[in-house]
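Structural overview for review
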Amino acid sequence: MNSTAVVPELRDNLPDEPSGSRARYLVPLAAGVTVVLWASAFIGIRAAGHDYSPGALTLGRIVVGTLALTVLAAVTGKLRIPRGRLLAGVIVWGVLWFGVYNIALNAAERTLDAGTAAMLVQLAPILTAVVAGLTLGEGFPARLLTGIGVAFTGVVVIAWASSSGTADLEAVLLGLAAAVLYSAGALLQKRMLPRVDALTMTWLGCLAGTVAALPFTGTLIAEVAAAPVGATLGVVYLGVVPTAIAFATWGYALSHTTAGRLSATTYAVPPIAVLLSWWLLGEVPGPIVLIGGALSLGGVILATRRPRTR
């Protein structure tokens, strides 16, 4: 998934969607491709996580992602490296988003099914709204408070349904930690995206995350030697498709429409992840977990929905 999904405040700094018929079809197509590919990442992590530990899986994915993004940058020739504090901010964002976030999510999915993990991570927009209310003076309107209550109830239901085993409950907490890291990445990117283009920021962030994950190199080499070919191909898929390609299609869509309009598409990630998990892995969250996930997703939509203006 991408942290730019929860930055509607950037919409005034972005160009309007072109009026041509080609763009009208390509923009929603790019957004749809991104959402499906991000949902598929939860499936890929779940499948490869049986043979790769969280740190090694993170390093393998972002090494491949960095290489793919380097090729994309070379083809487009759009890299513009920032300097000073902006460069330092992008590096911190990359370590949090591509490094620590992925490790937490990979660890959570060792016992959590892909659909439940996707529902927990989708709490990130509500966490961002809370931080914005505390630090940016945006306040806590009734809609936000009600959405927080509904989403929190959903999390409690998911945690209660998973409490039959200690490992599952720990995985729920790791999923919530991933949502917190996702939210932190969103806040950092929200401040920097108007001053650095999306491709450059993604490439630098992925490279920074790769450097931070280098301590797992020995583990990755050992696990590549022992893992079946299918699991290794899954790691390559995670690096090329949900990372490099999905970020490219997201950047295209973001450059032709508003971030606020585009962010609404990410609410489709958990349902798609549940369907893909059922279809490809033969696993689906239990009925109680699905109820909790529906409550959480409904709370997020309620809390982050902007009221209509006349």
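Everything below is about the structure shown above.
As a starting point, this report considers the structure included with it. Fair warning: this is a prediction, and the values are worked out from it, not measured in the lab.

Turning our eyes to something else, we now look at the overall build of the chain. Along the backbone of the chain there are 13 helices and zero strands. The helix and strand sequence of the chain, counted from the amino end, reads α-α-α-α-α-α-α-α-α-α-α-α-α. Relative to its 310 residues, the chain shows a buried fraction of 51%. Long-range pairs, those at least 24 residues apart, make up 89% of the contacts in the chain between residues at least 6 apart in sequence. Here the chain displays about 13,900 Å² of accessible surface, and carbon together with sulfur accounts for 69% of that area.

This part covers the packing of aromatic side chains. Considering all chains together, one arrives at five aromatic pairs under this definition. For the pair Trp93 and Phe98, a centre-to-centre distance of 5.6 Å together with 85° between the ring planes defines the contact as edge-to-face. A network of ring pairs unites the aromatic residues Trp93, Trp97, Phe98, Tyr101 and Tyr182 as a single cluster.

On to the packing of helix 2 (residues 54-76) against helix 3 (residues 84-108). Running from N to C, helix 2 and helix 3 cross one another at 130°; their axes reach a closest spacing of 8 Å. Comparing the axis directions of helix 2 and helix 3 gives the class oblique. Classified by chirality, the crossing of helix 3 by helix 2 is right-handed. Where helix 2 approaches helix 3, its residues Pro54, Gly55, Leu57, Thr58, Arg61 and Ile62 are matched on the opposing element by Phe98, Gly99, Asn102, Ile103, Asn106 and Ala107. Here the contact of helix 2 with helix 3 is built from residues that sort into six nonpolar, five polar and one charged.

Phe42, Tyr52, Tyr101 and Leu105 are the most contacted members of the largest nonpolar core, which has 55 residues in total. Top element by residues in this core is helix 1 (residues 21-48). It accounts for nine residues.

Turning our eyes to something else, we now look at the side chain of Asn106. Considering the arrangement of structural elements, one finds Asn106 in helix 3. One polar contact links the side chain of Asn106 to the main-chain carbonyl oxygen of Pro54, over a distance of 3.3 Å. Residue contacts for Asn106: discarding those within four places in its chain leaves Ile45, Pro54, Leu57 and Thr58.

Let us look at helix 8 (residues 198-212). With 15 residues, helix 8 should cover 21 Å at 1.5 Å per step; its first-to-last C-alpha distance of 21 Å lies within 8% of that length. Most of helix 8 sits inside the fold, with 11 of its 15 residues counted as buried. Of the positions making up helix 8, those classed as buried are Leu199, Thr200, Met201, Thr202, Trp203, Leu204, Gly205, Cys206, Ala208, Gly209 and Thr210. Among the residues of helix 8, the N-terminal cap falls to Asp197, whose side-chain oxygen and the backbone nitrogen of Leu199 are separated by 3.4 Å.

What counts and what doesn't
- Residues numbered from 1 in each chain as written.
- Predicted model: local features only at pLDDT ≥ 70, side-chain atom pairs only at ≥ 80, totals over all residues.
- Heavy atoms only, no water.
- Helix = DSSP H or I, 4+ residues; strand = E, 2+ residues; numbered from the N terminus.
- Buried < 20%, exposed > 50% of the residue type's maximum accessible area, 1.4 Å probe, protein only.
- Contact = heavy atoms within 4.5 Å.
- Areas by Shrake-Rupley, 256 points an atom, 1.4 Å probe, with all protein chains shown as cover.
- Phe/Tyr/Trp six-rings, centres within 6.5 Å; stacked < 30°, edge-to-face > 60°.
- Axes fitted to C-alpha atoms, helices over the stretch in contact; angles between N-to-C directions.
- Parallel < 35°, antiparallel > 145°, perpendicular 65-115°, else oblique.
- Left-handed = near helix turned anticlockwise from the far one by under 90°.
- Nonpolar A, V, L, I, M, F, W, Y, C, P; charged D, E, K, R; others polar.
- Core = buried A, V, L, I, M, F, W, Y, C linked by side-chain atoms within 4.5 Å.
- Polar contact = N/O pair within 3.5 Å; in protein donor to acceptor, adjacent residues only side chain to side chain.
- Expected span 1.5 Å × (residues − 1).

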